[in-house]
Every structure is written in C-alpha cells, then in structure tokens.
Amino acid sequence: MFRFRFVQSCLRRLLHGGTVTRDPVLQQLRMCVAEEQVFDVVGKNTAKLTVDHVGRAVGMLWQFQKEKPQMLRTVELINSHPQFLTLRVLAENKITHMDNLMLVDILYSFLRLNVEPHDSLVQQLVSEAWLRIDRLPMTSLSKFAICLSDQHLQHSTLMGHITSIIDQMLPSIHDVRILSTLMISVSSLVSVRLRDALIDRAGHLLDTIDVSNYNSPRRLVQFLRNIKHSHRPLLEKCNKILLYHIPRMDAENICIIMGLYQSLQFNNCDFMLAARQRLTELVDSSTDPFSFTKLFVGLGPMASQETKERLENTALLLADELNAQQALAIAETLEEIQSRNLSLLNKIASVIKRNLHVYKPVEVARITQALFLLQYQNPELFAKLRNTLVTFLRSSIFPYEVSMLTRVLSLLPSPRLDETLLSRMEAVAPQCTLSDLNSFSFVISKWVRNDSSFAHNTPSKYVHLLQVLNRCGCERLHTADRLDLLLEELKYISGEWFEEMLVSEVMATLQRMMDQINWTNVVELAYFLTKINQHCPPLLDQIASVAIKDIEKIHPSATYAMLLPFSVLNYDPAQADELYDVCIQHIIPHISSFDPHLLVFLAYSLALADYFPEELVRTIFSIDFLGKLDAQLETLPDALNMRTRLRLMELNRAVCLECPEFQVPWFHERYCQYFTKKGSGSPAQQQIHKLLSDVLGGYNCVRVEGTTPYSYTIDFECILDAHMQPLPFSEPATLQISNRGKVHWATNSMERVKEDLPPGAQRVAIDFLDSKCFCKNSHHIKGETLMRKRHLEILGYRVVQVRKASFRKHRS
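Residues numbered from 1 in each chain as written. Predicted model: local features only at pLDDT ≥ 70, side-chain atom pairs only at ≥ 80, totals over all residues. Heavy atoms only, no water.

Novice: Explain the pairing of strand 8 (residues 797-803) to me, please; I cannot follow it from the model alone.
Specialist: Remember that side chains alternate between the two faces of the sheet whenever the strand is regular. As paired elements, strand 7 (residues 762-769) and strand 8 share 7 bridges and run parallel to each other. Each bridged residue has a counterpart across the sheet, and for Ile 766 the counterpart in strand 8 is Val 800. In the classification by handedness, the crossover that spans strand 7, the intervening helix 40 (residues 783-794) and the parallel strand 8 is right-handed. (Pairing = 2+ DSSP bridges. Helix = DSSP H or I, 4+ residues; strand = E, 2+ residues; numbered from the N terminus. Right-handed = clockwise from strand over helix to strand, strands pointing away.)

Novice: I keep staring at the packing of helix 24 (residues 399-409) against helix 26 (residues 434-450) and nothing clicks. Help me out?
Specialist: Describing two packed helices takes the angle between their axes plus the distance from one axis to the other. Where helix 24 meets helix 26, the axes come as close as 9 Å, and the angle between the chain directions of the two elements is 25°. As far as their axial angle goes, helix 26 and helix 24 are roughly parallel. Remark: the crossing between helix 24 and helix 26 carries left-handed chirality. Side by side, helix 24 and helix 26 meet where Pro 399, Tyr 400, Val 402, Ser 403, Thr 406 and Arg 407 of the first sit next to Asp 436, Ser 439, Phe 440 and Val 443 of the second. Its residues assigned to classes, the contact of helix 24 with helix 26 comprises 5 nonpolar, 3 polar and 2 charged. (Axes fitted to C-alpha atoms, helices over the stretch in contact; angles between N-to-C directions. Parallel < 35°, antiparallel > 145°, perpendicular 65-115°, else oblique. Left-handed = near helix turned anticlockwise from the far one by under 90°. Contact = heavy atoms within 4.5 Å. Nonpolar A, V, L, I, M, F, W, Y, C, P; charged D, E, K, R; others polar.)

Novice: Is there a simple way to explain the domain arrangement of the protein in this structure?
Specialist: As far as domains go, the protein holds domain 1 (20-136), domain 2 (441-673) and domain 3 (678-809). Taken together, the 24 residues of domain 2 in the interface contact 20 residues of domain 3. Both sides of the domain 2 and domain 3 interface together cover about 2,000 Å² of buried area, and 52% of this is carbon and sulfur. Of all residues in domain 2, Asn 533, Asn 570 and Leu 657 bury the most surface against domain 3, accounting for 31% of the area lost on that side. At the boundary of domain 2 with domain 3, the tally comes to 3 salt bridges. With a closest N to O distance of 3.8 Å, Arg 647 and Glu 784 form a salt bridge. Counting every contact that joins domain 2 to domain 3 gives 15 residue pairs in polar contact (both at pLDDT 80 or more). When contributions to the side of domain 2 that touches domain 3 are tallied by element, the ones reaching two or more residues are helix 32 (559-568), helix 34 (596-608), helix 37 (638-658) and helix 38 (669-675). (Domains from an automatic or database assignment. Buried area = accessible area lost by both parts, 1.4 Å probe. Salt bridge = Lys/Arg side-chain N within 4 Å of Asp/Glu carboxyl O. Polar contact = N/O pair within 3.5 Å; in protein donor to acceptor, adjacent residues only side chain to side chain.)

Novice: Help me understand empty space enclosed by the protein, please; the structure alone is not making it clear to me.
Specialist: Picture a little ball the size of a water molecule; that probe, rolled over the atoms, points out where space is still empty. Under the definition given, this model contains 2 cavities of 30 Å³ or more. Roughly 50 Å³ of volume is contained in the second largest cavity. Residue lining of the second largest cavity: Leu 487, Leu 490, Lys 491, Glu 524, Tyr 527, Phe 528 and Lys 531, and that is the complete set. At the level of elements, helix 28 (483-490) and helix 30 (522-532) are the ones that each hand at least two residues to the lining of the second largest cavity. Ranked by residues supplied to the lining of the second largest cavity, first place goes to helix 30 with 4 residues. (1 Å grid on protein atoms, 1.4 Å probe; cavity = no way out; pocket = protein on both sides within 12 Å on 5 of 7 lines; lining within 4 Å. Points joined across faces, edges and corners; volume = space filled by probe spheres on them.)

Okay, here's the thing in structure tokens:
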C-alpha cells in the first residue's frame with residue numbers, strides 16, 4: 001500500500017511538473033504588446049526579476065520600437081521612464097549571470113534604446129564581453145562588433161581582436177548576413193590580404209546561398225564603399241540581388257544604395273531605371289517629412305520635368321516640418337537639379353537659418369556651396385553662414401575640414417581677409433594630402449585676384465603661404481613610396497597650381513614607382529594620365545605590358561579607362577596591335593553586361609585608334625540598344641547625358657566614314673544642325689581670313705567655317721587647281737549628303753557633285769590647332785585631332801593643320 005502511494009505521488013509530480021515550475025513573470029511578459037505593459041510587469045515584480053526576466057524585458061522594449069516607423073519611435077520616453085532605470089540597475093547587477101548570447105543581446109538593445117556609451121552599465125557589459133570574446137558564437141560576435149561601432153570604437157584594440165578572429169575563422173562563416181555585418185565593422189582595419197579574402201568569401205556565399213532579403217548585399221556594397229574599393233564582380237552580384245528586391249524597397253533604402261553606388265562610381269542602368277520606376281510609384285504615399293525627403297533626394301535628379309514640379313510643390317507644403325538634416329538634403333538636391341523655385345528656396349533657407357546652430361562644420365560648408373551654386377540671393381543668410389564657417393575654421397584641427405571650409409569661404413564675397421585663416425591653413429599644411437594642398441592653392445589664387453592691394457604690392461602673406469604649399473607638396477611626393485596611396489590622392493586633383501608646380505614632380509614620382517604598376521592599379525594610373533593630358537612613353541609602355549599580361553584579371557568594364565591614354569593621347573606602344581587585340585577579345589563576350597553609355601564611350605575610344613570591332617559596332621547601332629540607351633540617358637546627370645550624345649554622334653560619323661561596309665546609317669544630321677554655331681567669327685579669325693584672302697587673291701577664294709558632310713566645321717577652306725592656284729567660290733555653298741547617300745555640293749541655283757571639280761583640282765581644309773589638340777608636355781598631337789584629319793581626307797580634302805602658336809610667332 002505505501003509503495004503504491006509513493007509511485008502515485010511521483011507520477012503526479014511528473015505529470016504536473018510544468019505547472020509547478022511555471023514562471024508567472026515570464027508568462028506576463030510574453031502577454032505584453034506595448035512598452036507600458038512591459039514597464040507595468042517590471043514595476044509589480046521588481047523583487048522577483050531574474051536575469052532572464054531582465055533580458056526578455058529589455059529585448060521586448062527594443063523589438064516594439066524596431067517595428068515602428070522611424071518617425072513614430074518613442075525611445076526618449078522609454079529612456080526617461082522610472083522602470084527603465086530599474087531594468088538598467090538590475091542588468092548591471094546581474095552581468096556575471098548572463099550567458100554569452102544574452103550578454104551581447106542586452107548590450108545591443110540598451111545601445112539601441114540610447115543608453116550612453118559612457119554609462120557604467122554599457123562599460124561593464126563591454127568589459128565582460130571582451131573577457132568572453134574568444135567564446136562568443138559568430139552571431140553574437142557580429143552583434144558585438146556593431147555595438148563597438150556604435151560607440152565609435154572601430155579602431156580600438158578590441159575591434160582589432162575581432163578582426164583577428166574573423167581572419168582565423170573566415171572559412172567557417174556560412175551566413176552572409178553575419179559575414180556582411182562583420183565586414184562593415186572591421187572595414188577600417190582590414191589588410192589587403194584580408195580584404196581580398198573577405199570579398200572572395202562573400203562572393204562565394206552569394207553564389208551558393210539563396211539571399212532572401214537585400215540587407216546583406218547592401219552591407220557588402222557598404223563595405224566596398226568604406227574601403228574605397230570598387231570590386232566589380234562582387235558589385236555585380238550584389239546588384240543582381242538588389243535589383244530583384246527593388247519592387248519591395250522603400251525610398252530610404254533605394255537612396256542609400258544609390259549613394260553607395262555613386263561613391264563607388266558604379267552606374268548600373270538596370271538598377272537606375274528600376275529605382276526611378278519604384279520611386280515614382282512611391283510619390284503619392286510619401287507624405288511625411290522623413291519618407292518624402294528620401295524620395296526627393298533619390299527621384300529628383302532623374303525625374304521628368306512634370307514629376308520634378310510635383311516634388312517641388314510637395315516640398316513647399318512640407319518645408320516647415322523639415323528638420324535640419326532634411327532641409328540640408330533638400331537644398332543639395334535643389335542645387336543638383338538647378339531648381340528655380342524661389343518660394344521653395346526661401347522656405348528651405350528659412351529652415352536652415354533656424355537650425356544653423358545644430359549643423360556640423362562640413363554640413364555648413366555643404367549648405368553654403370549648394371545655396372551659392374543656386375545663385376540664391378540672401379545677403380543676411382550668407383553673412384551668417386560666413387561667420388559660422390569662420391568660427392569653425394578657427395578651431396578646426398582636421399586637414400580635410402580646414403580644406404573644405406576654406407574652399408567654401410572663398411566662394412563668398414569678403415571685405416577683408418582674416419589673417420587667422422591663413423595661419424590655420426599654414427598650420428595644417430604639413431599634414432594635408434595633395435588634394436587638400438591643391439584646394440588651398442585654389443583658394444589663395446582667388447584671394448589674390450580679389451585683393452586690390454595685390455596689383456600694387458605683392459603681399460608677403462600670400463607668397464609665403466604658396467611657398468609653404470609648394471614645399472609640402474614636393475616633400476609629400478619625395479617621401480611617397482606606395483603607388484596605390486599616391487593615386488588615391490591624385491584622383492581628384494587639377495588646376496593651375498598642380499600643373500605649374502607639381503605635375504613634373506608627380507610624373508617623376510610615378511616613373512620612380514613603375515615597378516609597382518600591376519593589374520590592380522593599372523586602370524587608375526591610365527585614367528590619371530589621360531586626365532592630366534601627359535604623354536609619357538615609359539609609363540604608357542608599362543601599362544600596355546601589364547594589360548597584355550594580366551588582361552584576364554581586369555574587369556571588362558575597366559578596359560575602357562585602361563585604353564583611354566593610348567587612344568586619346570595618340571600613343572602606339574611597341575605592342576599596340578597585341579594590346580588592342582587582347583582588350584577587344586576580352587570585351588566582346590561581355591558586351592551585353594556593359595552599361596549602354598559606357599559601351600558608347602568604349603567604342604568611341606577604339607574608333608580614335610582606328611579600331612572598329614564589327615560585333616561591338618553592330619550591337620551599338622541596333623534598335624534594341626539605342627532604345628535602352630535612350631532610357632538610360634533620362635537617368636543620367638545633364639553633363640554626362642550631353643557627353644554621351646556627343647560621343648554617339650562622333651562614333652556614328654566615324655563608322656559611316658571608315659566602315660561603310662557595315663552599312664550603318666548617318667542619323668545625326670538634325671542633331672549636328674542644332675548645335676552648329678552661326679556667327680561672324682572672332683577678331684583673330686577675321687584677321688586670319690583677311691591674310692589668307694590677300695595671299696589667295698580675294699575673299700571669294702576663302703570660305704570661313706565651311707561645313708562638310710557629317711557636320712565637320714572647317715576653320716578655312718579653299719580650292720586649288722592642278723597648278724596649285726586658288727579658284728574662287730562661285731556662291732556660298734554647303735557640302736551636303738543627297739537622299740541616295742551621295743556627296744554633292746548644293747547652291748541656290750544648281751547642284752554639282754564633288755567629282756565635278758576641274759581636273760586635278762582639290763579642296764584644301766586649313767585648321768588652326770590650339771593647345772587642346774596637343775599633349776600638355778609635348779607637341780604630340782592627340783587622337784581626336786588625328787581622327788578628324790583622317791575623316792577630312794576620306795571626304796576628299798587635303799588637310800593643312802597649323803598650330804596657333806606657330807602662326808603668332810610668324811606674325812610677330
């Protein structure tokens with residue numbers, strides 16, 4: 001009997017064990033659907049709260065906030081709630097009882113709920129996580145790395161430890177979400193070797209795992225932006241996934257991705273077209289300041305005129321509700337689209353003026369530049385902006401910041417120069433990059449031009465500072481030992497000071513580093529030489545050698561920039577045929593993956609060098625491609641849009657003249673007529689016309705600015721008979737193309753075909769070439785001028801090219 005009762009008692013305990021061990025506090029927390037309910041449970045059960053209760057409560061508070069739109073979050077109210085302080089105290093007392101997952105999760109949640117990094121709770125959580133760092137699972141390690149980044153500890157020893165762990169454990173990371181998070185966190189500490197390993201691993205995971213959302217590829221693009229490395233294969237993999245998810249993205253995420261792409265100079269046509277369509281769909285639903293600002297920034301620059309007006313009208317209605325950052329974003333976008341909506345500008349300026357005290361130095365500089373470029377007239381606001389910039393400049397210790405502030409200050413009118421500004425520039429000059437030094441030189445040049453005393457007495461303050469800049473620039477070049485870093489500094493440098501003071505030193509430094517030219521930097525170097533217009537055979541030969549050897553390692557889209565100096569500067573290396581052949585063979589299989597405008601630029605670059613790959617030409621002049629190009633042009637900035645149209649016309653002309661067997665029609669006649677300049681010519685041109693008419697026997701023997709078929713304009717034109725004697729033009733005429741494609745001359749009264757010139761007579765085109773037709777460091781003629789001569793000769797002209805400098809010397 002007793003034995004039976006004992007068994008019955010045990011069974012009862014086993015069957016009802018869940019009821020006995022049930023946690024009523026945890027049950028109450030699980031029932032909560034709002035923050036106040038969580039706080040109510042905490043307040044009623046403070047004495048009973050265990051470490052699990054605290055972790056659950058804090059996690060729920062952040063989860064509730066996370067699920068709300070940004071504008072509806074109430075983090076400040078939570079932070080100030082009495083029971084939130086209770087949770088903080090309890091968490092701090094129970095740190096040692098937390099397991100690894102809870103420790104990092106609770107740190108993450110508290111930081112997201114705006115607990116300050118210097119708070120003792122956060123400090124102790126970080127210290128405890130550091131002690132356990134080698135035992136943290138990768139999920140927690142990635143979240144811990146985010147917490148360190150939130151506290152601006154990207155360069156800390158602790159983040160270095162995490163970087164080392166990633167390096168060791170990289171093959172075991174199989175979750176692209178975890179990997180992408182870690183990559184962003186350690187981006188400032190990765191070596192080139194680890195960078196490449198991370199990129200390879202990320203690319204492998206994207207190939208093998210179904211990525212269900214766009215956050216991971218977006219983070220991978222952000223990592224590339226952080227390290228300033230435009231790795232095209234990984235970018236294209238990420239873009240493919242992002243493109244798939246665009247129909248479900250909001251304006252904020254689209255704008256983030258577009259900004260990252262812009263920083264990496266990655267302009268994908270398919271993404272931009274899809275982004276414009278999605279943003280246009282969101283116009284009617286983006287009615288609050290936060291979402292509308294994102295929409296305005298993303299859609300404004302590529303919207304139709306009608307849509308731009310709708311956006312501007314909505315912005316005018318919402319202007320008073322904008323915060324400081326939103327007003328800045330709207331102002332910069334208005335400058336980008338060159339808006340002339342004065343009412344909107346006044347509203348935005350009012351918001352900016354009201355919030356001027358909250359802006360950081362770089363933000364004030366951006367505001368000032370945007371309003372100045374908009375030619376906005378508000379002397380009072382500009383005076384406030386100037387005073388604010390000067391105040392920031394006097395206390396700034398960062399070279400890049402001093403550079404930006406001084407450059408923007410130079411845009412504004414100033415009654416006198418503040419000596420402290422010069423002192424600040426001189427103080428930071430030894431720490432400045434070549435780009436910053438170049439910016440300083442631009443500012444000084446502008447101040448010199450505006451200083452009325454300079455014409456009578458050279459102020460020593462300017463001369464001294466320019467000498468300091470020259471010395472710092474030369475010292476930086478002399479001590480430079482890494483080509484990659486030097487090219488990064490030279491990327492955006494230009495202007496008179498660079499060309500007059502540094503360009504020879506730069507070229508000498510680049511030649512000193514020739515052994516460092518490899519497939520990873522050859523494209524950047526080639527583009528730089530093209531930009532500065534320098535003809536340097538040793539460097540160009542080395543670029544050609546590296547390109548031929550490692551062409552398979554170079555992304556096809558980068559081939560355009562690599563070939564530019566050879567075609568633009570008209571330089572044929574010893575291996576010219578091999579260079580162009582390997583590049584063309586590398587490009588052809590990937591034609592379909594090129595952005596339309598880039599393919600046009602590439603084909604034009606090859607045409608300059610007299611290369612016309614048939615498959616490339618036929619692709620560009622197909623109906624489908626031209627339709628896609630038209631669609632892309634609507635999304636491009638105005639300057640790039642016009643440049644693309646010009647290059648397409650020039651390519652069309654080159655193909656018609658040099659490859660008639662392709663039977664590509666000439667469809668740019670109306671385009672060229674629209675841009676043909678009409679006028680009486682400059683005074684110098686009129687003088688030359690008089691001289692030539694004196695030599696050739698009268699004004700009717702010389703035609704000024706004659707137009708050829710395919711719309712070349714010739715400076716001066718004449719006809720010589722078989723004995724080299726000038727023949728008069730009977731009437732002003734224009735060479736045209738007949739309906740049948742036959743070249744003929746048309747006048748008001750008659751037509752006579754080109755072949756009807758007297759036997760032995762020839763047309764002579766006289767072109768006066770300015771400095772733009774030659775490389776800056778030599779008399780070497782550039783590719784575009786040579787192609788023009790080639791085309792005029794095909795049209796039947798004898799071409800005489802005269803340097804303008806040579807003519808001036810002869811006249812003197």
